Every structure is written in C-alpha cells, then in structure tokens.
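One letter stands for each residue in the lines below.
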There are 4 protein chains.
Amino acid sequence: MVFRVDRRVRFADVDAAGIVFYPRYFEMINACVEDWFETGLEHGFNAMIVKGNHAVPLANIEVDFKAPSRLDDELAFKLVVTEVGRSSFKLTIKAWHEDEVRMIAKLVLVYIDMDKHVPVRIPEIMRARMLTFEEVK
Amino acid sequence: MVFRVDRRVRFADVDAAGIVFYPRYFEMINACVEDWFETGLEHGFNAMIVKGNHAVPLANIEVDFKAPSRLDDELAFKLVVTEVGRSSFKLTIKAWHEDEVRMIAKLVLVYIDMDKHVPVRIPEIMRARMLTFEEVK
Amino acid sequence: MVFRVDRRVRFADVDAAGIVFYPRYFEMINACVEDWFETGLEHGFNAMIVKGNHAVPLANIEVDFKAPSRLDDELAFKLVVTEVGRSSFKLTIKAWHEDEVRMIAKLVLVYIDMDKHVPVRIPEIMRARMLTFEEVK
Amino acid sequence: MVFRVDRRVRFADVDAAGIVFYPRYFEMINACVEDWFETGLEHGFNAMIVKGNHAVPLANIEVDFKAPSRLDDELAFKLVVTEVGRSSFKLTIKAWHEDEVRMIAKLVLVYIDMDKHVPVRIPEIMRARMLTFEEVK
C-alpha cells in the first residue's frame, strides 16, 4: 500500500523567488508522517506522545530536490515503508506534481521512550501495520 | 577557514516534547548559508538574487540528527566547503553544543540563473572566496 | 454567507506547553483569507498577485485569544466581511472548537497595486463578491 | 527604560512579493518578548516555564502595519511596558527601520499557572522589574 496526502503549495510556502522555500518541505514531510500515523497506522501523535509516552524522532534524512514547485502547484506526497527494524524504520516519501517527481525524501526514524529518550522495540501491532505499507520490490 | 554562526534554541524552535522541531533545523541551516554568503563570501542573498539574478537552490541535503537539543541550548553552526564544481558546490554544516555534535548536514547547492532556472558556471570571484572555506583534509 | 475552513491542530502548531504557538494562528488566519480568495471570491492569490499585479496586505489586525487550543483539536475558521470601503475592507474571523470560540480576529486589508505599492479602488466584481459574505446584522 | 532588539529581515521572512510575510512579524514579536524576559527581566522562558511552572500567554494583540519591510532591512524592535495589573500586563512594541515606524504592536499578556491554566498574581519581583520598563508619559 502507498499512503498518500495531497497538498497545494500555499502563499506561506513560497519565497521571494516564487518557489517553495525548502524548510517548508520539511514541514510537509513531517505532516505526511503525522497523517500516516493518524490515519494509516491508526495511532496518532497525540495518542502516541501524550498518552503512550513514545515518540518517533528523525535520526537521518536525505532529500533530493528534483524540480522547483510554485504557488498553487498541487503536490501528492506518497509514502512507502522500505524497512522495519527492531527499533527503527525507514520511509521513502516522494512529492509528485502530475507525472513529475519534485522531491524524494528518505527518512530513518527511531521509536523511543520519551522519558528516558532511548530506543525501544517497535510494538508488534505497529510493526504489523507498518509492514502493510512496505514497498513492493 | 570555518564559518561559524551561534544560535540559541528559542521557544519557537521546540515542540511539544521540548526538543527542537526538526523543520526548524532547516531554517537554521538556511540562515547559516545566508549568513555565510553575506559575511563570509561578501555577496549577500539580496545582492545575488535581487540585483544579480542568481540563486543557489538546494539540490540535495543529508542530515544526521545525533542528539536532541532543548530550549536555551547554545548551538554553534560550523560551515566548511567540501567541494566546488563547475556550477555546484558542497557544504558540511555541523551544529555543536559545547563539545557534543548535535547535527551534521551535508548540502549540495547549485548556482543558477533565476530567469531561465538553469545551472550557470560559478563566477570566478565567488569560487575563489568559497575555496577559502575549504575543509583541511 | 459565512466562509468556513476546517483545520486540525497539528504537531507543528503546538509549543513546549502543548498549546498552539500564537504565531501559527496568524498562518492559519492568512491561509483562511487565501482560501477565501481562491474558492469564496474565485480570484486566488496566484491570479491576483502574479497575473493581476494586485495584493491585499494587512493594514491592521486585532486578535482576542479566548481559550487555548491543543494537539488534534478540530478548529473551524469562520470568516465574514464587516465592511467594504473604496480600497480597504474589513473581515472578522472566528476560530471555533465545537461550540467554544477560541480566537476572534478582526482584520483590515488594503487592495494595492504591487508595483507602486499604493492603494487602488477595489474592482467592482470583487466588491460585489465580497459583499455576499457580509455579516447579517 | 526601553528594551531593544535588533533584527535584520532574512530570506525566510519575505514572501513572493518580496516583503515580510506578516505571520513572521509575530515570531519576531514573540522573540522580542522572550528576549525581554531573558535579559531585561532576568527570568527567561526556560526558568519560568520549565522550572517555575508559569507561562505568559497572549490574551490580546493589536498590530498596525505602517509600511512594508524588505529583505536585509535592519529593524529595531523597541519594547515598553504600558500597564502592570494584578495578573496581566500590557506592552507596546514598535519596529523601526531608521526613523520610520514599520509596525506598532500592543499586547496584553497574562501570568498563568501552567497546570491549572488560570491567572495568578504577578510575583512582586517580576512586577518591580517590569515597571523599570514603563513608558514615560
């Protein structure tokens, strides 16, 4: 399965050159992961962080910016899981505008205990749900 | 030479978990590059973009988050040049808190013509200035 | 008519105290006005600014924060027009969570020519469309 | 006494029209208040919120935008206290560029207990320090 979020480029996203200011892409990426937890994995950040005392901080991210995006461009963010380890997992998120890839992001996130700020084993139910979004090779 | 910018973690930078919200790191990285152009290369974004019709969009970035940063932490962003090509150049920016590395970012930026949005040769004077910040191997 | 935009409070919106960081409210307010131009007035910012060379900068805003909003709260932003003058117009935007008002914003915006940065008469068609959102007294 | 913070308009602050995107002004205003607590009142947000369990949420703000600010403009934010009540206090912050006022903000903030989220009496030492920044009539 691929998890998809649509997002139009807004006035707040573009810089003086009229193209998306790249730190805004990271807010979009973060929002995509947040939405995936909420509706894809059915375990939103509020439940996870406030009630479950877990968090999934970003350990590593690599982003390729393929082509600029402009005001009003409709972007489709498509997320797939590429690996689920003991306490970390890997995602690839591509932002498409029609049939052009604008950005490819590869993320490594870690499941942690909020109080001790140490990695913990990903709960089995979460692992199982994550695997339903695994990329078909 | 190493280019350095100091930046305290502000209230606006931290999330509900009390640590820096990672999209804010990219604003800090962008600000570090902006300051480097302004005071390190003596050719600020305003001169470059508004008057010179050039821009330096990010083509690729990879970031390792080594340890979380909290409200009031003093961060030192240290920038070095790792490569200067025909129209692209590579930077490494590390954010230090005292003697702990919090974040390592590797960036590839491209010198472009703003109107045509195509890569152009890096002006010789800029290349020479960039090389003064090259990392000593 | 009332123009309405729904917006859930996201992780990026809340601060270390777990409530909406107020500068984020102004992004939401701006996005509400942007959406109103796009779908309510059928004359989006892209058409207006990039093609029409007009803009509607904010001249004055007053905001009352009635109650804090937290992660995952569903907010309904409701916009009405309270006055349409020669070159300026007034809006009231209220953010509701269920039957509680969280925030009341009163805005004065000015229709300007982008090049000269001076007020211009609001085009008749825009005035007519704005008036369809006028608050019933 | 007047509390002053200098802030140059950065690339991240300006919109597609080349002027400061107004939600960014509210980050600057918030940062000015944060700096005032830190260095003016000698009781920073970290000490107040994390250790003292107090916060100073914004209850009301009114902002007049007098003239647009552009990339690289040097802004001086000047803060004065206009009233200190039992649990609330009022500030005026003006942003100057050279001898032109760009923005005037009037804020009402409330001293609250973080757990109960109710107003509390402003501690005497804080009241006394605030009054040293009172505007001379």
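For every chain, the first residue of its written sequence is number 1, and the numbers climb from 1 along that sequence. Chain labels run from A onward and ligand labels from 1 onward, assigned in the order the entries are written. Selection of residues for local features in this predicted model requires a pLDDT of at least 70, selection of side-chain atom pairs for listing and counting requires 80 or more, and totals for whole chains, interfaces and linings are taken over all residues. By convention in this description, side-chain values take in all heavy atoms of the structure and omit both hydrogens and water.

Our next topic: the pattern of salt bridges. Put simply, a salt bridge is a Lys or Arg side-chain nitrogen that is within 4 Å of an Asp or Glu carboxyl oxygen. The full count for this structure, using the stated rule, is 52 salt bridges over all chains. Across the pair Arg24 of chain C and Glu27 of chain A runs a salt bridge whose closest N-O atoms are separated by 3.2 Å. Of this pair, Arg24 of chain C sits in helix H1 (residues 22-40) while Glu27 of chain A sits in helix H1 (residues 22-40), on two different chains. For every residue, the accessible area (1.4 Å probe, protein chains only) is compared with the maximum for its type, and the residue is labelled buried under 20%, exposed over 50%, or partly exposed between those bounds. On the basis of relative accessibility, which here comes to 12%, the residue Arg24 of chain C falls in the buried class. Put simply, Asp72 of chain C and Arg8 of chain C hold a salt bridge, and the shortest N to O gap is 2.6 Å. Of this pair, Asp72 of chain C sits in the loop between strand E3 (58-65) and strand E4 (74-84) while Arg8 of chain C sits in strand E1 (residues 3-8), and the two are 64 residues apart along the sequence. Each helix corresponds to a stretch of at least 4 residues labelled H or I by DSSP, and each strand to a stretch of at least 2 residues labelled E; elements are numbered beginning at the N terminus.

Residues and elements named next belong to chain C. In this structure, Asp72 is a non-glycine residue whose phi angle is positive, near 80°. Take Asp72: its relative accessible area is 23%, and that puts it in the partly exposed class. Backbone geometry at His117 places phi at a positive 55°, although glycine is not the residue there. With respect to the helices and strands, the residue His117 is situated in the loop between strand E7 (112-113) and strand E8 (118-119).

What follows covers the interface of chain B and chain A. Facing 22 residues of chain B, the contacting portion of chain A comprises 22 residues. Throughout, buried area stands for the accessible area (probe radius 1.4 Å) lost by two parts on being put together, summed over both. Of the roughly 2,000 Å² buried at the junction of chain B and chain A (both faces included), carbon and sulfur atoms supply 61%. On the surface where chain B and chain A come into contact, there are zero salt bridges. When residues of the side of chain B that touches chain A are traced back to their parent elements, those giving at least two are helix H1 (22-40) and strand E3 (58-65) of chain B. Ranked by residues supplied to the side of chain B that touches chain A, first place goes to E3 of chain B with eight residues. Throughout this entry, Asp, Glu, Lys and Arg are counted as charged residues, while Ala, Val, Leu, Ile, Met, Phe, Trp, Tyr, Cys and Pro are counted as nonpolar. The remaining residues, Gly among them, count as polar. Among the residues making up the side of chain B that touches chain A, the classes are represented as 15 nonpolar, three polar and four charged. Pairing between strands requires that DSSP locate at least two bridges from one strand to the other. Bridging between strand E3 (residues 58-65) of chain A and E3 of chain B involves five bridges; their strand directions are antiparallel. Only heavy atoms matter for contacts: two residues are in contact if any of them lie within 4.5 Å across the pair.

Note that all results are geometric; they support no functional claim without further evidence.
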